[in-house]
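Listed here are the chains, written in short residue letters.
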Amino acid sequence: MTDAQASEGGTAHSTQPPADEHTRVEDQAQAAQPARPGMLGRVGQARHLGLVVALILLAVVGLVTTPENFATSSNMVSILALAATIGVITVGMTFVIIGGGIDLSVGATMALASVWATTLATQAYGPVVMAICAILVGTGAGLVSGFLISYGRMVPFIATLAMLVAARGLAQRMSDRRTQLIQPDNSAIVDLSTTRLFGLPLLVYIFALVVAVGWLVLNRTTFGRRTYAVGGNPEAARLAGINVRRHTMMLYALSGLCCGIAAVIIMARTTTGSSTHGDLYELDAIAAVIIGGTLLTGGRGTIIGSILGLLIFTVITNLFILNGLNTSDQLVAKGLIIVIAVLLQRRSLESRT
């Protein structure tokens, strides 16, 4: 072998990671997570137990302040129905933040998907096409954001902020700032909210299915392991041979997909498509993810924690409504909770270093 051939061989060897390097980095990223024998084991972790205790305390507050309204079956169903819309979005947001990004456009994307799906042209094809349209529009918006971030080298905050403004504006233009009603012929969409199985609306089961699939993807697939790896150390993931750009783009597409599903749910709940749907939903989704223990810097988080955080926010909203408190005070309370959660995250990180 000549020196040139040896040099070429050495170069090829240095630029290509070993065949099992992908798996090693992915496993190393998940090893950084606390030991989790399963879903029940995760719920048993300290931070999840803390969230469960917080939910119990909120339930006690509800029983003390409005005992005649809070503990009723209709109110419990209302809480779950409200959580379903934001909850589906929260699942997608969990993936994005674990992957080291953030998505400010989720509320506007959901609004755009609901408007596009309820135009007369789309409704003429029936409820199935309406649902597919909403999902495709949401996924497409997520792909655009992901492309700008991954290949356009834009900061996630700026790219998704631009998508927020553009999607909301396009929704307003398409609907002429009017609320679009679902036609009687397409009542199958509305049936998702009105039809009940074992006392719960079908949309709650859709929410549960999204959560279950999200948990499986994050914890039992290569895609989930790579999400932890990319969020924990993108440079190490890239050197290990993981296509960080493509994976990041797929994370935002997944977030958009969840927005499309949420659009179907909110259309079922309100029987409308509107450019005002999803206002400040990004606040609730990000807050739920943070409260659930997901690091804003990426690399750590769980679906179960995010859903528990979501339920805490939903119950707080419900308590404010039942007690006739001002909506502005509710926003102030949510803002304080977010600040406290971030401070606790920082303190936890500092104590580990």
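Residues numbered from 1 in each chain as written. Predicted model: local features only at pLDDT ≥ 70, side-chain atom pairs only at ≥ 80, totals over all residues. Heavy atoms only, no water.

Engineer: Before we move on, can you summarise the overall build of the protein with the specific residues and values?
Structural biologist: Secondary structure assignment for the protein yields 18 helices and 4 strands. For the protein, buried positions account for 49% of its 353 residues. A separation threshold of at least 6 residues defines the contact pool for the protein, and within that pool the share at least 24 residues apart is 78%. Total accessible area on the protein stands at roughly 16,700 Å², and carbon and sulfur atoms take up 66% of it. (Helix = DSSP H or I, 4+ residues; strand = E, 2+ residues; numbered from the N terminus. Buried < 20%, exposed > 50% of the residue type's maximum accessible area, 1.4 Å probe, protein only. Contact = heavy atoms within 4.5 Å. Areas by Shrake-Rupley, 256 points an atom, 1.4 Å probe, with all protein chains shown as cover.)

Engineer: I'd like to hear about the side chain of Thr-160, residue by residue, with values.
Structural biologist: Relative to the assigned elements, Thr-160 resides in helix α10 (residues 156–175). Of the polar contacts made by the side chain of Thr-160, one reaches the backbone oxygen of Phe-157; its length is 3.4 Å. Setting aside residues up to four positions removed in sequence, Thr-160 forms contacts with Ile-102, Asp-103, Leu-104, Ser-105, Ser-145, Ile-149 and Tyr-252. (Polar contact = N/O pair within 3.5 Å; in protein donor to acceptor, adjacent residues only side chain to side chain.)

Engineer: Which residues make up the packing of aromatic side chains, and what values do they have?
Structural biologist: With the rule as written, the count across this model stands at 2 aromatic pairs. Consider the rings of Phe-95 and Phe-223, whose centres lie 6.3 Å apart with planes at 45 degrees: the pair is tilted. Of this pair, Phe-95 sits in helix α6 (residues 73–98) while Phe-223 is found in helix α13 (residues 222–232), placing the two residues 128 residues apart along the sequence. (Phe/Tyr/Trp six-rings, centres within 6.5 Å; stacked < 30°, edge-to-face > 60°.)

Engineer: Lay out the environment of Ala-117 in plain terms, naming residues and giving numbers.
Structural biologist: Mapping Ala-117 onto the fold places it in helix α7 (residues 106–117). C-alpha separation for the pair Ala-117 and Gly-273, spaced 156 residues apart in sequence, amounts to 7.4 Å. In this structure Ala-117 touches Thr-122, Gln-123, Met-130, Cys-133, Ala-134 and Met-267, once residues within four positions along its chain are discounted.

Engineer: Report on the environment of Thr-66, specifying residues and quantitative values.
Structural biologist: Looking at where Thr-66 falls in the secondary structure, it is placed in the loop between α4 (46–65) and α5 (67–70). With residues near it in sequence (within four places) discarded, Thr-66 still touches Leu-322 and Asn-323.

Engineer: Residues and numbers for the UniProt feature "transmembrane region" (unreviewed entry) in the protein, please.
Structural biologist: As annotated in UniProt, the feature "transmembrane region" (unreviewed entry) corresponds to residues 46–65, 77–98, 154–171, 197–218, 249–268 and 303–322 in the numbering used here. Summarising residues 197–218: 77% helix, 14% strand, and an end-to-end C-alpha distance of 28 Å. Span residues 249–268 is 100% helix and 0% strand, its end C-alpha atoms 29 Å apart. (UniProt positions renumbered as here; feature names shortened; annotations may be inferred.)

Engineer: Go over the side chain of Ser-105 with me, naming the residues and quoting the values.
Structural biologist: On the secondary structure map, Ser-105 appears in the loop between α6 and α7. Judged by its relative accessible area of 2%, Ser-105 is buried. Once residues within four sequence positions are removed from consideration, Ser-105 is found in contact with Ser-145, Thr-160, Met-163 and Leu-164.

Engineer: How would you explain the confidence of the model for the protein if you had to name every residue and give the values?
Structural biologist: For the protein, mean pLDDT is 84; residues scoring 70 or higher make up 84% of the total. Segment residues 1–16: pLDDT under 50, and 1 contact once partners within four positions in sequence are set aside and those in other chains are kept. Contacts from residues 34–44, a stretch scored under 50 in pLDDT, to residues over four places away or in other chains number 19 contacts. (pLDDT = per-residue confidence, 0-100.)

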